[in-house]
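Chains, contacts and geometry: an overview
Residue-level listing of the chains:
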Amino acid sequence: MWRSHRLPKKLLIIGAVLVIGTAIAGIAIGAWSVSGSGTGYAKASTASAVTLSDASASTTADLYPGASGAVKLKVSNPNPFPVRITAVSGNGAITSDKGASCDASTGVSFANQSSLTLDLLANETNKVFTLAGAVSMSNASDNACQGAVFSVPVSVTAISNA
Amino acid sequence: MLVVLAMLAALPASVDARRGPVKFRLSGSVEGLYPGARRTMRVTVRNPFARPMRLLSVQAAVGRAGRSCSGSNIAVRPFRGRLRIPARRRRVVRLLVAMAPTAAEECKRARFPVRFRGRAVLR
């Protein structure tokens, strides 16, 4: 009785192995690998210039011959991303509110500023920074400059701070 | 019985083999990049096959946008996963795109060409 069942059992095992092996082979063939390709682009936007609210900086401290003072810088960032001002440089003749006689010899000079980290948020307007010790007055300053407010034309260098 | 199973397993292969090496298509773009920016690029993947496709990966190679503006200014994170796309349908995958904070001035308004490569399996 037992003997008669041994042979069919072996055949069943062999058959099962063959069926599983065939099924695995079938899966491997069924899942075909395909590739794809295509093109596109990535476009950079332009950057708008950081603007000075009054196109200049102005002195804030009382200056007198031999003294130095701070400059107030009011700037706006029209860009949709934050920027960092890294440098401020003198960009023209310094003028006063006292007229030609003072303007002819203000005796005021601006020291270019570098390695700054003045941060502006995206679209931030009229932010005020104070540059300590950025201006100085020499003995060349005309007497007409007493009590004057000086305007200091500057250019600003900024980078993206995103 | 075993012979019949083997034939069934081979059948899907022979059906597609008649069509030749058809590739699926990818396309996408992103705009508004600036130094330090991160954006999401929507890449459309079209399945041209009569069977569902499982997308496994999408890679993007960014080319030069100008003499002083190399493609290395743009980094694109590849897609890795298992996205099922039904037969003759399309799906969108999102790739993270970043512009280097040190991107040169010449990269303003630059248009970087992008070539996509994808890998998928047909089910």
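Residues numbered from 1 in each chain as written. Chains lettered and ligands numbered in written order. Predicted model: local features only at pLDDT ≥ 70, side-chain atom pairs only at ≥ 80, totals over all residues. Heavy atoms only, no water.

Quick look at a positive patch on the surface now. A grouping of Lys 23, Arg 25, Arg 46, Arg 90 and Arg 115 of chain B is seen on the molecular surface, where their side chains present a positively charged patch. Relative to the elements of secondary structure, Arg 90 of chain B occurs in strand β6 (residues 90–99). (Patch = residues over 30% accessible without salt bridge, like charges linked within 9 Å, V, L, I, M, F, W, Y side chains within 5 Å. Areas by Shrake-Rupley, 256 points an atom, 1.4 Å probe, with all protein chains shown as cover. Salt bridge = Lys/Arg side-chain N within 4 Å of Asp/Glu carboxyl O. Lys, Arg positive; Asp, Glu negative; His and termini not counted. Charge placed at Lys NZ, Arg CZ, Asp CG, Glu CD. Helix = DSSP H or I, 4+ residues; strand = E, 2+ residues; numbered from the N terminus.)

What follows is about the environment of Ser 68 of chain A. Residues and elements named next belong to chain A. Position of Ser 68 relative to the elements: it lies in strand β4 (residues 68–76). Sequence separation between Ser 68 and Ser 136 is 68 residues; the distance between their C-alpha atoms is 3.9 Å. What Ser 68 contacts, discounting residues up to four positions off in sequence, is Leu 63, Val 135 and Ser 136. (Contact = heavy atoms within 4.5 Å.)

Let us look at the packing of aromatic side chains. Under the criterion given, the structure shown has one aromatic pair over all chains. For the ring pair Phe 81 of chain A and Tyr 34 of chain B, a centre distance of 4.2 Å and an interplane angle of 20 degrees mean the geometry is stacked. On the criterion of chain membership, the pair formed by Phe 81 of chain A in the loop between β4 and β5 (83–90) and Tyr 34 of chain B in the loop between β1 (24–33) and β2 (38–46) is interchain, its members lying in two chains. Here Phe 81 of chain A matches Tyr 34 of chain B in class, with each residue buried. The ring of Tyr 41 of chain A is capped by Arg 111 of chain B, whose NZ or CZ atom sits 3.7 Å from the centre of that ring. (Phe/Tyr/Trp six-rings, centres within 6.5 Å; stacked < 30°, edge-to-face > 60°. Buried < 20%, exposed > 50% of the residue type's maximum accessible area, 1.4 Å probe, protein only. Lys NZ or Arg CZ within 6 Å of the ring centre and 35° of its normal.)

Assignment of secondary structure puts Ser 57 of chain B in strand β3 (residues 53–62). Contact partners of Ser 57 of chain B, with chain neighbours within four places excluded, come to Phe 79, Arg 80, Arg 117, Gly 118 and Arg 119 of chain B.

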